[in-house]
Amino acid sequence: MEQDKLIEQINEKYKDLGENPDTYLSGLRYANPVNYWDYCEVDTLLALQKPKTFLPDENVFIMYHQVNELLFKMILSEIHQVAEVENIELDFFVSRLGRINRYFDVLISSFAIMKYGMEVEQYMKFRDALTPASGFQSVQYRKIEIACTDLNNLLDARFKPKAYELEGLQDKIDHLYWQAAGKNYKTGEKSLMLKMFEEQYGKELLDFAQEFETKNLRAIYLSLSEEDKKTPKLIKAMKALDDKINIKWTMTHYRTAEHYLESSGKAVAATGGSPWKKYMHPKYQKRIFFPELWSKEELDTWGHEHEE
């Protein structure tokens, strides 16, 4: 009987763990049935919005960013699966890249909520109450970038030609492109936004960079056989990821910031005080995860086609 086979499989499972199956089967008699609201922690999730103002559109702003963070967590889960596999198979690698690409499709399309889902007047009021908080401070997004490529590819454009002069991972982290959002390189002075971020996550990011130094997505790609590295479906998936993260997602974010911050006709800094145009537009920093997959012309004109 199917039921007998199922019980036998359950017994084998717990015996393999060195446990008494009877104890676990007995416990099932008293376990509560699973319901949706407890399993998904719906009540907790709906209580996580704590606006700083009375303006209703601030709730849209909070929830949108919380949704982003959940998607970032899903992306990191996929990257970890790839990084933790020894002798990775090509199909597995491509399938996980496909998942990550789909998550970024959702992220890119969802920016319409930010661009058209809030009144400009409300946003320009409640944003001041959020200072110095900034989306810059999403440690999960920083981890995604670090887990995708070598730190040299994330350096501020001003320091890429002299990457060989930087000593160790911390020195590189101190010169990554996103530092430009909160650091004056002429004086060395850091904004409060950057200081708070580094105090909260500095050690965690360094540990993460050490963990992924040799198992980021680019490193895994370079470890493949020459035949596998030339596989069209793999190249297509990796170039799609590079394009989605470093051009499409970035430019959608850029256009949304432009929609709000230039609505008054005045030059306005981003929430954290950063010079957002040169920080965000891909043509300036040219963040490219997998440069070996692109032609020289594509590298030279990175992000230019999105200027208009």
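Residues numbered from 1 in each chain as written. Predicted model: local features only at pLDDT ≥ 70, side-chain atom pairs only at ≥ 80, totals over all residues. Heavy atoms only, no water.

### Some words on the overall build of the protein chain
And step 1. The helix and strand tally for the protein chain stands at 16 helices and 0 strands.
And step 2. Across its three principal axes, the protein chain shows a C-alpha extent of roughly 75 × 55 × 35 Å.
And step 3. A buried classification covers 42% of the 308 residues belonging to the protein chain.
And step 4. Considering only contacts in the protein chain between residues 6 or more positions apart, those separated by 24 or more positions represent 70%.
And step 5. On the protein chain, roughly 17800 Å² of surface is accessible, and the fraction owed to carbon and sulfur atoms is 54%.
And step 6. Placing the 41 positive and 50 negative side-chain charges of the protein chain at their respective mean positions leaves the two points 6 Å apart. (Helix = DSSP H or I, 4+ residues; strand = E, 2+ residues; numbered from the N terminus. Buried < 20%, exposed > 50% of the residue type's maximum accessible area, 1.4 Å probe, protein only. Contact = heavy atoms within 4.5 Å. Areas by Shrake-Rupley, 256 points an atom, 1.4 Å probe, with all protein chains shown as cover. Lys, Arg positive; Asp, Glu negative; His and termini not counted. Charge placed at Lys NZ, Arg CZ, Asp CG, Glu CD.)

### So, the side chain of Arg 96
And step 1. With respect to the element layout, Arg 96 can be found in helix H6 (residues 90–116).
And step 2. With a relative accessible area of 14%, Arg 96 lands in the buried category.
And step 3. Sequence-distant contacts of Arg 96, defined by excluding residues within four places in its chain, comprise Glu 78, Gln 81 and Val 82.

### What to know about a negative patch on the surface
And step 1. A surface patch of like charges, here negative, comprises Asp 4, Glu 8, Glu 12 and Asp 16.
And step 2. Looking at the secondary structure, you find Glu 8 in helix H1 (residues 2–16). (Patch = residues over 30% accessible without salt bridge, like charges linked within 9 Å, V, L, I, M, F, W, Y side chains within 5 Å. Salt bridge = Lys/Arg side-chain N within 4 Å of Asp/Glu carboxyl O.)

### As for helix H8 (residues 139–148)
And step 1. Extensive coverage of H8 is indicated by the burial of 10 of its 10 residues.
And step 2. Within the span of H8, buried status applies to Val 139, Gln 140, Tyr 141, Arg 142, Lys 143, Ile 144, Glu 145, Ile 146, Ala 147 and Cys 148.

### Looking at the packing of helix H5 (residues 57–83) against H8
And step 1. The geometry of H5 relative to H8 is characterised by a closest axis approach of 9 Å and an angle of 25 degrees between their N-to-C directions. Judged by the angle between their axes, H5 and H8 are roughly parallel. Crossing geometry of H5 relative to H8 is assigned as left-handed. Between H5, through Glu 69, Phe 72, Lys 73, Ile 75, Leu 76 and Ile 79, and H8, the contact on the second element is made entirely by Gln 140, Tyr 141, Lys 143, Ile 144, Ala 147 and Cys 148. (Axes fitted to C-alpha atoms, helices over the stretch in contact; angles between N-to-C directions. Parallel < 35°, antiparallel > 145°, perpendicular 65-115°, else oblique. Left-handed = near helix turned anticlockwise from the far one by under 90°.)

### Observations concerning a nonpolar patch on the surface
And step 1. On the surface, a nonpolar cluster with roughly 390 Å² of combined accessible area is contributed by Leu 45, Leu 46, Leu 48 and Leu 70.
And step 2. Here Leu 46 is to be found in helix H4 (residues 42–46).
And step 3. Leu 46 sits in the exposed class, given a relative accessible area of 59%.

### Examining the pattern of salt bridges
And step 1. If you walk through the whole model with that rule in mind, you get 18 salt bridges.
And step 2. When the shortest N-O distance is used, the salt bridge between Arg 158 and Asp 156 registers 2.8 Å.
And step 3. Taken together, the shared-partner salt bridges connect Glu 78, Arg 96 and Arg 99 into one network.

### Quick look at the packing of aromatic side chains
And step 1. Using the criterion set out here, one finds 18 aromatic pairs in the structure.
And step 2. Plain terms: the ring middles of Phe 72 and Trp 249 are 6.2 Å apart, the flat faces sit at 85 degrees to each other, and that makes the pair edge-to-face. On the criterion of sequence distance, the pair formed by Phe 72 in helix H5 and Trp 249 in helix H13 (residues 232–261) is long-range, its members being 177 residues apart. One exposure class covers both Phe 72 and Trp 249, and it is buried. (Phe/Tyr/Trp six-rings, centres within 6.5 Å; stacked < 30°, edge-to-face > 60°.)

### Description of the environment of Lys 286
And step 1. On the secondary structure map, Lys 286 appears in the loop between helix H15 (282–285) and helix H16 (296–300).
And step 2. Given a relative accessible area of 26%, Lys 286 falls into the partly exposed group.
And step 3. For the pair formed by Lys 286 and Gly 303, sequence separation is 17 residues and the distance between their alpha carbons is 7.5 Å.
And step 4. Those residues in contact with Lys 286, other than ones at most four positions away along the chain, are Lys 160, Leu 299, Asp 300 and Trp 302.

### As for the packing of H8 against helix H10 (residues 192–212)
And step 1. Between H8 and H10, the least distance of the axes is 10 Å, while the angle of their chain directions is 25 degrees. Taken together, the axis directions place H8 and H10 in an arrangement best described as roughly parallel. Two packed elements cross with a definite hand, and for H8 against H10 that hand is right-handed. Facing Val 139, Arg 142, Lys 143, Ile 146 and Ala 147 of H8, the residues of H10 in contact are Phe 197, Tyr 201, Glu 204, Leu 205, Phe 208, Ala 209 and Phe 212.
And step 2. Of the residues belonging to the contact of H8 with H10, the class tally is 9 nonpolar, no polar and 3 charged. (Nonpolar A, V, L, I, M, F, W, Y, C, P; charged D, E, K, R; others polar.)

This is a description of form; function is not addressed.
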